[in-house]
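# Chains, contacts and geometry: an overview
Residues per chain, in single letters:
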Amino acid sequence: MITAEQNQNLTRVEGDAPMGALLRNWTWFPFAVSSQLVPGEAPTRVRLLGKDYVAFRNAEGKVGFIDEACPHRGVSMALARNEGCVLRCIFHGWAVDAEGNVVDAPTHHGDQAAFLKGIRSRHYPVEERGGMIWVWLGDLPAADFPDLPFFHLPEDHVWMTVTKVDCNWLQGVEGALDSAHVGTLHQSWIAQLAASTSTEGGTIGLALKAVAPRYEIDRTTFGLSATALREMSDGSIYVRTTQFVAPFISLVPGSQRNEGSIFIGVPIDDTHHLLFFGYFAEDLVLNEDTPRVQALIGNGRVNPHDFAPFKGSRENNWGQDRAAMADGHFTGFTDNLLEEDIVVQVSMGPITDRTREHPSSSDVAIVQARLLLLRALRNHNEGAPPLAPHNGSWGGDDALPIDRVVPEGQDWRNQSELA
Ligand code: FES
Ligand SMILES: [Fe+2]
């Protein structure tokens, strides 16, 4: 059971919150889908861990990530002009380049070089991988990147979106780790996804047939492997292994070998997060015209930079369509599968009160992830790395999410191939 203090420690990231300090110095944060930053176009305001920044792509394609406040007198650089290789503040025209150097201070009379020596905007290292732009916010030297399996794929084998969600980051992370909801919450969409893959031997439809999986959790170098085991009526077992790449990435099995969904819940502040949602496939090109992506984008309205926006609030049940339910849709959220995830997370409140939960056996992956994060907090406070050393790789193929059917009487751990 989670105590009020543990819930606070797990969820709060703003100001001096220990979790904010841990996350900042633990891992890289994705903050945008690559296509959100266009060379020469307006800078974007980014809020992470309760602090405000500005990101922009200069004319050469390089991304700059700096504090929002102008180094002169604090005007928002989100208002700045993107002039080729610099952002120019609209107040007095100071110019900052992608490395955070102030390269022009037109208001200063006298020796510019001497004046500007030592003045910079705080700048943060940025990398682009897997269709996302990531930043290192830590005070410590940048950590190694997690080795996510889709980083090695061609660009057009990864489809990626982002949505701003009005609740705490851990609700997003836990939603992705929770395999048990797939056959309930998403049953109307999973039926479509299953149909789109059934001719290729896709197995995801089996998640609809047993909603009480048994879990086996394994510690990995990068976090946890959470395997949900569902017994089928013929005695076989449907096995779904979700990979939790701590602290906030989950890779969820798709319906084929070497495919899967990507969920990343990045804390904006205590009560908002960015939910990156995507899909990767080693053997398929993915875009909005391909069946796999069409099964995920639902009714065809797609903005990858705001993938599952709300149609309402608590007052109108977030736009739930009771007429659609009467016509057979299970949830009445008919835009896409992610809309269902986001509505249930937000409906728990800005920061859900975990002291009042009653976890069932299907929640063991979530409970283990919380314990891992609490241990990481303790390690960090003691000056140790967040995750204790563990045998195994930092990811790659070891971090592939897998679903497969294991025939009756066989041990799922000794099955390396799809049945
Ligand atoms: S505040 Fe930005 S140039 Fe003066
Ligand atoms: Fe979901």
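Here is what the cut-offs are and how they apply
Residues numbered from 1 in each chain as written. Chains lettered and ligands numbered in written order. Predicted model: local features only at pLDDT ≥ 70, side-chain atom pairs only at ≥ 80, totals over all residues. Helix = DSSP H or I, 4+ residues; strand = E, 2+ residues; numbered from the N terminus. Rg over C-alpha atoms; globule rule 2.2 N^0.38 Å. Buried ≥ 20, exposed ≤ 12 C-beta atoms within 10 Å, placed from the backbone. Contact = placed C-beta atoms within 7 Å. Domains from an automatic or database assignment. Nonpolar A, V, L, I, M, F, W, Y, C, P; charged D, E, K, R; others polar. Arc of directions from axis to C-beta. Pairing = 2+ DSSP bridges. Axes fitted to C-alpha atoms, helices over the stretch in contact; angles between N-to-C directions. Core = buried A, V, L, I, M, F, W, Y, C linked by C-beta atoms within 7 Å.

## What to know about the overall build of the protein chain
- Secondary structure assignment for the protein chain yields ten helices and 18 strands.
- Taking 22 Å as the expected radius of gyration for a compact globule of 419 residues, we find that the protein chain reaches 23 Å, a close match to that expectation.
- Going through the 419 residues of the protein chain one by one, you find that 43% of them count as buried.
- Once local pairs closer than 6 in sequence are excluded, the contacts in the protein chain between residues at least 24 apart make up 60%.

## Some thoughts on unusual backbone geometry
- Of the consecutive residues Ala 246 and Pro 247, the connecting peptide bond is found in the cis state with omega at 5°.
- Note that Pro 247 resides in the loop between β14 (237-245) and β15 (249-253).
- Even without being a glycine, Leu 49 presents a positive backbone phi close to 55°.
- Of note, Leu 49 is situated in the loop between β2 (44-48) and β3 (51-57).
- By C-beta crowding, Leu 49 is classed as buried, having 21 other C-beta atoms within 10 Å.
- Positive phi, close to 55°, is recorded for Trp 318, a residue that is not glycine.
- You can see Trp 318 is positioned in the loop between α7 (291-297) and α8 (322-326).
- Using a count of 18 C-beta atoms within 10 Å as the deciding quantity, one classes Trp 318 as partly exposed.

## Some remarks on the domain arrangement of the protein chain
- Here the domain parsing of the protein chain yields domain 1 (28-135) and domain 2 (149-414).
- The distance between the C-alpha centroids of domain 1 and domain 2 comes to 34 Å.
- Counting only elements with at least two residues in the side of domain 1 that touches domain 2, the list comes to β1 (29-33) and β2.
- Sort the elements by how many residues they give to the side of domain 1 that touches domain 2 and β1 lands first, with five residues.
- Here the residues of the side of domain 1 that touches domain 2 are counted per class, giving eight nonpolar, five polar and two charged.

## Re helix α1 (residues 4-11)
- For α1, the complete set of buried residues consists of Asn 7, Leu 10 and Thr 11. One side of α1 carries all its buried residues, which in axial view fall inside an arc of 85°.
- The inward-facing, buried residues of α1 abut α2 (18-26), α4 (169-177) and α10 (364-381).

## Focus on the environment of Glu 99
- Along the chain, Glu 99 turns up in the loop between β7 (95-97) and β8 (102-104).
- Between the alpha carbons of Glu 99 and Arg 120 there is a distance of 8.8 Å; along the sequence they are 21 residues apart.

## Things to note about the sheet that holds β7
- With antiparallel pairing, four strands are arranged side by side in an open sheet as β5-β6-β7-β8. With one partner strand each, in any of the chains shown, β5 (81-83) and β8 form the two edges of the open sheet. With direction set aside, neighbouring strand axes in the sheet form an average angle of 35°.
- With three bridges connecting them, β5 and strand β6 (residues 86-88) associate as antiparallel partners. For Asn 82, the partnering residue across the bridge sits in β6 and is Leu 87.

## Side note on the pairing of strand β11 (residues 158-165)
- Along β11, seven of the eight residues are buried, which leaves the element largely enclosed by surrounding structure.
- Where β11 meets strand β17 (residues 272-281), eight bridges bridge the pair, whose relative direction is antiparallel. The residue of β17 that forms the bridge with Met 160 is Gly 278.

## As for the nonpolar core
- Ranked by internal contacts, the top residues of the largest apolar core, which has 100 residues, are Phe 31, Leu 48, Ala 55, Val 135, Ile 262, Val 266 and Phe 276.
- Taken together, domain 1 (28-135) and domain 2 (149-414) each give at least three residues to this core, which thus spans both.
- Among residues more than four places away in sequence, those in contact with Leu 48 are Phe 29, Phe 31, Tyr 53, Leu 137, Val 266, Pro 267 and Ile 268.

## Here's the deal with the environment of Ala 4
- Mapped onto the secondary structure, Ala 4 falls in helix α1.
- Given 10 C-beta atoms within a 10 Å radius, Ala 4 is considered exposed.
- On a C-alpha basis, the gap between Ala 4 and Arg 356 in space is 9.6 Å, while along the polypeptide they are 352 residues apart.

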